[in-house]
Amino acid sequence: MGLKTFAWLLTASVGLFGDALESLVNLAAGVVALMVLRVADRPPDDDHLYGHEKAEYFSSGAEGTLIVVAAGALSVSAVRRLLAPRSVEQLDVGLAILVVAAVINLVVALVLLSAGRRLRSITLRANAYHLLTDVWTSAGVLVGLGAVAMTGWQALDPLIALGLAVHIGWTGFRLVSASVHGLMDRALPAAEVEAVTGVLTSVLAQQDDEVRYHALRTRCAGARSFVSFHVQVPGRWTVQQGHDLLEALEAEIRERLPEAVVFTHLEPLEDPRSYYDEVLDRPR
């Protein structure tokens, strides 16, 4: 952020101003992410029996909102520069500083992205994507200001800034959208749901008696996944027999989805009430 701000003050480029503004947003988002990750890392307690992982969605939502605000501020600055043109100065030094800043951001972004994927952290991934957006922003500014240096056409600078505003605004919108979906208990990705149904189909097919499952529901809360389903078995089965089957299913699913918390429920196949929970709101 310091490098880009210095480059902006040196050149008076509105494109570099936009790049420096995005780095300021990165810093603010990083502070928010640090605080939120400390909350998300807490173990379940009496008031939060399902854990604190959902706190991560507030971080990515705040980061997305900050990005959108920065895009709006950059748009205003670009329009003002179009209406009141101003020459860009000392481009060679300013662009050299920008290259150094972009390389730093790229390295940090790749480290965060790797950690975010390994730890299934939406906060780390959001911060990484934001930094990668910053790198692409810097690349666009480099190309644009290089064109200004070669052609002398000063209007390119604010036009580049407007394009960057649209680009980073879209990134912010996507982050806010992902946070909203997480807070709304969105189902697990299709590949993970297919892994669960594959386990259920495979294990239940090995039973001598007719055994079914239904009411499969999944949701994601930060790095933690939740899976619940009901298994219908013949009423003559013993409790131990049914329990052993559920334990086998849960173990297999946790092997496929290591971060999953699995809830199961055993029901007699012949009881009509066993089918009431196929919908979320059970009939009365």
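Note that the coordinates shown come from a computational prediction; the quantities given were computed from them, not determined experimentally.

**Describing the sheet that holds strand β1 (residues 212-221)**
No. 1: As summarised here, the arrangement of the three strands in space is β1-β2-β3, forming an open sheet in which the pairing is mixed. Whereas interior strands pair on both sides, the edge strands pair on one side only; in this sheet they are β1 and β3 (260-268). Looking at each pair of strands side by side, their axes are set apart by 10 degrees on average, direction ignored.
No. 2: With nine bridges joining them, strand β2 (residues 224-233) and β3 adopt parallel strand pairing. Residue Val227 lies in a different strand from β3, and its bridge partner there is Val262.

**Looking at the packing of aromatic side chains**
No. 1: For the structure on display, the rule yields four aromatic pairs.
No. 2: With a centroid separation of 6.3 Å and 70 degrees between ring planes, the pair formed by Tyr50 and Phe263 is classed as edge-to-face. With a gap of 213 residues between them, Tyr50 in the loop between α2 (14-40) and α3 (55-83) and Phe263 in strand β3 connect regions that are remote in the sequence.
No. 3: Phe263 gets classed as partly exposed once you look at its relative accessible area, which sits at 39%.
No. 4: Relative to Phe263, the ring of Phe226 lies with its centre 6.4 Å away and its plane at 0 degrees, an arrangement referred to as stacked. Of the two residues, Phe226 sits in strand β2 while Phe263 sits in strand β3, which places them 37 residues apart along the sequence.
No. 5: On the accessibility criterion, Phe226 (6% relative accessible area) is buried.
No. 6: One aromatic cluster in this structure is built from Tyr50, Phe226 and Phe263.
No. 7: Taking NZ or CZ as reference, Arg219 lies 5.4 Å from the ring centre of Tyr50, over its face.

**Comments concerning the nonpolar core**
No. 1: Judged by nonpolar contacts, the single largest core of 25 residues is most densely connected at Leu16, Leu74, Val141 and Leu145.
No. 2: Every element with two or more residues in this core is listed here: α1 (2-11), α2, α3, α4 (91-119), α5 (122-151) and α6 (156-183).
No. 3: Broken down by element, this core gets its largest block of residues, seven residues, from α6.
No. 4: Counting residues in hydrophobic clusters, the runner-up holds 22 residues, among them Ile122, Leu200, Leu245 and Leu249.

**Topic: the packing of helix α7 (residues 190-205) against helix α8 (residues 239-256)**
No. 1: At their nearest, the axes of α7 and α8 sit 10 Å apart, and the two run at 145 degrees to each other. Our pair here, α7 against α8, has a crossing hand that is right-handed. Of the residues in α8, those touching α7 at Ala195, Val196, Val199, Leu200, Val203 and Leu204 are Leu245, Leu249, Glu252, Ile253 and Arg256.
No. 2: Here the residues of the contact of α7 with α8 sort into nine nonpolar, no polar and two charged.

**Structural notes on the environment of Gly242**
No. 1: Along the chain, the position of Gly242 falls in helix α8.
No. 2: For Gly242 and His181, which are 61 residues apart along the polypeptide, the C-alpha to C-alpha distance reads 35 Å.
No. 3: In this structure Gly242 touches Trp237 and Leu266, once residues within four positions along its chain are discounted.

**Observations regarding the pattern of salt bridges**
No. 1: Tallied over the full model, the rule gives seven salt bridges.
No. 2: Arg254 is the partner of Glu250 in a salt bridge, and the nearest nitrogen-oxygen pair spans 3.6 Å. Placement of the pair is Glu250 and Arg254 together in helix α8, with a separation of four residues, close to one helical turn.
No. 3: Residue class for Arg254 comes out partly exposed when judged on its relative accessible area of 34%.
No. 4: Note that Arg256 is salt-bridged to Glu252, the shortest N-O span being 4.0 Å. Of this pair, Arg256 and Glu252 both sit in helix α8, four residues apart, which is roughly one turn of that helix.
No. 5: Look at Glu252 and you get partly exposed, because its relative accessible area is 29%.
No. 6: Salt bridges here are not isolated pairs; linked through shared partners, they connect Lys54, Asp185 and Arg219.

**Let's talk about the confidence of the model for the protein**
No. 1: Confidence along the protein averages 84 in pLDDT terms, with 98% of residues attaining 70 or more.
No. 2: Ranking the elements of the protein by mean pLDDT puts α5 last, at 77, and α8 first, at 94.

**Details of the packing of α3 against α6**
No. 1: One way to put it is that α3 packs onto α6 with a least axis distance of 7 Å and a crossing angle of 160 degrees. Here α3 lies roughly antiparallel to α6, going by the angle between them. By crossing handedness, the relation of α3 to α6 is classed as left-handed.
No. 2: For the contact of α3 with α6, the residue count by class is 22 nonpolar, 10 polar and three charged.

Calculation criteria
Residue numbers restart at each chain and count upward from 1, following the sequence in its written direction. Confidence filtering applies because this is a predicted model: local features only for residues at pLDDT of at least 70, side-chain atom pairs given and counted only at 80 or more, and all residues used for totals across whole chains, interfaces and linings. The side-chain values count all of the structure's non-hydrogen atoms but skip hydrogen atoms and water molecules. Strand pairing follows a simple DSSP-based rule, namely that at least 2 bridges must link the two strands. In DSSP terms, a helix is any run of H or I states spanning at least four residues, a strand is any run of E spanning at least two, and both are numbered starting from the N terminus. Every angle, taken between N-to-C directions, lies between 0 and 180 degrees, and every axis is a line fitted to C-alpha atoms, over only the stretch in contact when it is a helix. For Phe, Tyr and Trp, where Trp contributes only its six-membered ring, two rings pair if their centres lie within 6.5 Å, and the inter-plane angle classes them as stacked under 30 degrees, edge-to-face over 60, or tilted in between. Residue exposure (1.4 Å probe, protein chains only): buried if accessible area is under 20% of the type maximum, exposed if over 50%, otherwise partly exposed. Counting as a charge over the ring demands two things of the Lys NZ or Arg CZ atom: a distance within 6 Å of the ring centre and an angle within 35 degrees of the ring normal. The definition of a nonpolar core used throughout is a set of buried Ala, Val, Leu, Ile, Met, Phe, Trp, Tyr and Cys residues joined through side-chain atoms within 4.5 Å. In a left-handed crossing the near helix is turned counterclockwise from the far helix by less than a right angle, and in a right-handed crossing that turn is clockwise. The contact criterion used is simple: two residues touch if any of their non-hydrogen atoms lie within 4.5 Å. Think of it as three bins: nonpolar holds Ala, Val, Leu, Ile, Met, Phe, Trp, Tyr, Cys and Pro, charged holds Asp, Glu, Lys and Arg, and polar takes everything else, Gly as well. Salt-bridge detection follows one rule: a side-chain nitrogen of Lys or Arg within 4 Å of a carboxyl oxygen of Asp or Glu. Residue-level confidence of the predictor is what pLDDT reports, using numbers from 0 through 100. Orientation categories follow fixed angle ranges, with anything under 35 degrees roughly parallel, anything over 145 roughly antiparallel, 65 to 115 roughly perpendicular, and all other angles oblique.

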